[in-house]
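Inside the fold
So the chains spell out like this:
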Amino acid sequence: MRRLSTLFAAALFLGAGSAGAAVTISNTGTPAAGELLVNTANQAITRIRLVADTTEGATITQVTLTKAGTAVNGTDWDELKLYWDEDGTYNGNETKLGDTATPSGSTTAFVFSGFSQEVPTSQTRYLWAVVRTPANPVPGRTLRLSVATGGILVSSGTISGYATANYQTVWGPQVARGWKSQGVGELLPSQAAQPILQIKLFTTKPTGPAVTVNSIKLTKAGTAVNSTEWDLVELWTDNNDDGLTAGETKLASLPAGATVTFTGLSIAFGASLSDSVKLIATVRTSAYVVPNHTLRLSVAAVGHVITQETKPVGGTAVGSYQYVYGMVAALGANTPATGTVD
């Protein structure tokens, strides 16, 4: 009986060992986080490592890549391929797996199947996710392709683990709210050239030619009435980077409106010039501003800053609400409800 118990225990031990996965999925940080090149095919942005232990290998039959990041399918990237590799270096000696995927809509899972690739015992194999970008992806947007737990299927052997890749980012011209932009504050009556938004134009690309902005669109939000409470918006340089107009140059003036688009500008920045340019948007108010009314100006969406080179400018610059302070009449808490006067 004692011998049978010993044999039974040994069998359990061996069974537990064989239940472990023979092949482990991982990512070693290659490629590192970096630039997603513009108008470029065959960019290898994710390497997935498959390591077999000394007990057995596995045969891979399906891989699901999961997309993360702000890159828009079809706009910022438009093609995805999967390759099989033996040496871990993307050098043209890889084997393509499955069909080429075309990112579209809101798809985040891309399934590759119809192949059979072996990871032999005690050996290592690799998968590469390779993408293509069009001519005008939006700077600042990001893309990552990973394999989640359960994202690789096998016909023989066992597999476990996951591989989370690094984000790749489109470098190029961007717009953002400047650090000296007005916070939430007071919108003064009968006041010209009140700073309301500092706009920062910059590039994340360390080399290459400068870009020239020739159009900036501002969008108004808030309850202040156009023309009645505010009637003019102006765009200024901010060479001192202080959010103030003293000593600065007025670039343009336009009547107040739901949107205001300054055209005919020539604002150059980039790697070959200064790394950023600051601008100030100001407003003029009338004597008839209404207390508690609000006003905000923003570069509200991608496409609202246009360059001479017709390259997209990423990012937004959202201002803070400015409030008209003053006396406000309102019903008191103890005002009688509607009723009959006896």
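Whatever comes next refers back to the structure up there.
Thresholds applied
- Residues numbered from 1 in each chain as written.
- Predicted model: local features only at pLDDT ≥ 70, side-chain atom pairs only at ≥ 80, totals over all residues.
- Heavy atoms only, no water.
- Helix = DSSP H or I, 4+ residues; strand = E, 2+ residues; numbered from the N terminus.
- Rg over C-alpha atoms; globule rule 2.2 N^0.38 Å.
- Areas by Shrake-Rupley, 256 points an atom, 1.4 Å probe, with all protein chains shown as cover.
- Phe/Tyr/Trp six-rings, centres within 6.5 Å; stacked < 30°, edge-to-face > 60°.
- Buried < 20%, exposed > 50% of the residue type's maximum accessible area, 1.4 Å probe, protein only.
- Pairing = 2+ DSSP bridges.
- Axes fitted to C-alpha atoms, helices over the stretch in contact; angles between N-to-C directions.
- Polar contact = N/O pair within 3.5 Å; in protein donor to acceptor, adjacent residues only side chain to side chain.
- Contact = heavy atoms within 4.5 Å.
- Core = buried A, V, L, I, M, F, W, Y, C linked by side-chain atoms within 4.5 Å.
- Salt bridge = Lys/Arg side-chain N within 4 Å of Asp/Glu carboxyl O.

Here the focus is the overall build of the protein. The helix and strand tally for the protein stands at 1 helix and 24 strands. Relative to its length of 342 residues, the protein is extended, with a C-alpha radius of gyration of 30 Å against a globular reference of 20 Å. C-alpha atoms of the protein, sized along the principal axes, occupy 100 × 70 × 30 Å. Carbon and sulfur atoms provide 53% of the accessible area of the protein, an area that totals close to 16900 Å².

All told, the structure shown has 3 aromatic pairs when counted by the stated rule. On the numbers, 5.5 Å between centres and 75° between planes, the contact of Trp77 with Phe110 is edge-to-face. Within this pair, whereas Trp77 is found in the loop between strand E4 (58-68) and strand E5 (79-85), its partner Phe110 is found in strand E7 (residues 109-119), the two being separated by 33 residues in sequence. By relative accessible area, Trp77 is classed as buried at 0%.

Before going further, it helps to spend a moment on the sheet that holds strand E13 (residues 173-177). The strands making up a sheet are joined through hydrogen bonds of the backbone, oriented either antiparallel or parallel. If you trace the 5 strands from one edge of the open sheet to the other, you get E13-E15-E20-E17-E18, paired in antiparallel fashion. Only two strands of the sheet have a single neighbouring strand rather than two, namely E13 and strand E18 (250-255). Taking each pair of neighbouring strands and ignoring which way they run, the sheet shows an average axis angle of 20°. Sheet topology places strand E17 (residues 230-237) next to E18; 5 bridges connect them, and they run antiparallel. Across the sheet, residue Glu234 finds its bridge partner in E18, namely Ser253.

We now examine the side chain of Asp76. By secondary structure assignment, the location of Asp76 is in the loop between E4 and E5. By relative accessible area, Asp76 is classed as buried at 0%. Reaching out from Asp76, the side chain makes a polar contact with the backbone nitrogen of Val72 at a distance of 2.7 Å. A polar atom in the side chain of Asp76 sits 2.8 Å from the backbone nitrogen of Val138. Ignoring any residue separated from it by four or fewer positions in sequence, one finds Asp76 in contact with Thr70, Ala71, Thr133, Pro134, Pro137, Val138 and Arg141.

On the basis of which strands lie adjacent, the open sheet formed by 6 strands has the order E6-E5-E8-E3-E1-E11 and mixed pairing. Each of the sheet's edge strands pairs with one partner strand only, and the pair in question is strand E6 (95-101) and strand E11 (159-161). Each strand axis lies, on average, 20° off the axis of its neighbour in the sheet, ignoring direction. Pairing of E5 with E6, which is carried by 4 bridges, proceeds in the antiparallel orientation. Looking across to E6, one finds that Leu80 is bridged to Ala101.

Within the secondary structure, Thr237 is located in strand E17. Side-chain polar atoms of Thr237 contact the side chain of Glu248, separated by 2.8 Å. For Thr237, the contacting residues outside a window of four places in its chain are Glu248, Thr249, Leu251, Lys278, Leu279 and Ile280.

Let's shift gears to the nonpolar core. Core analysis: the biggest nonpolar cluster contains 33 residues, and Ile199, Leu201, Ile216 and Leu218 have the highest contact counts within it. With 5 residues, strand E19 (residues 259-269) is the largest single contributor of residues to this core. Other than its neighbours up to four places away in sequence, Ile216 contacts Leu235, Val260, Thr261, Phe262, Leu265, Ile267, Leu279, Val299, His304 and Val305. Listed in part, the 32 residues of the second largest apolar core include Leu36, Ile48, Ile60 and Ile159.

A few words now on the pattern of salt bridges. Tallied over the full model, the rule gives 8 salt bridges. Notably, a salt bridge pairs Arg132 with Glu79, separated by 3.4 Å at the nearest N-O pair. One end of the pair, Arg132, is in strand E8 (residues 124-132); the other, Glu79, is in strand E5, with 53 residues separating them in the sequence. Given the relative accessible area of 31%, Arg132 is considered partly exposed. The class for Glu79 is buried, based on a relative accessible area of 14%. Note that Glu234 is salt-bridged to Lys250, the shortest N-O span being 3.0 Å. Of the two residues, Glu234 is situated in strand E17 and Lys250 in strand E18; the sequence distance between them amounts to 16 residues. A relative accessible area of 41% means that Lys250 is categorised as partly exposed.

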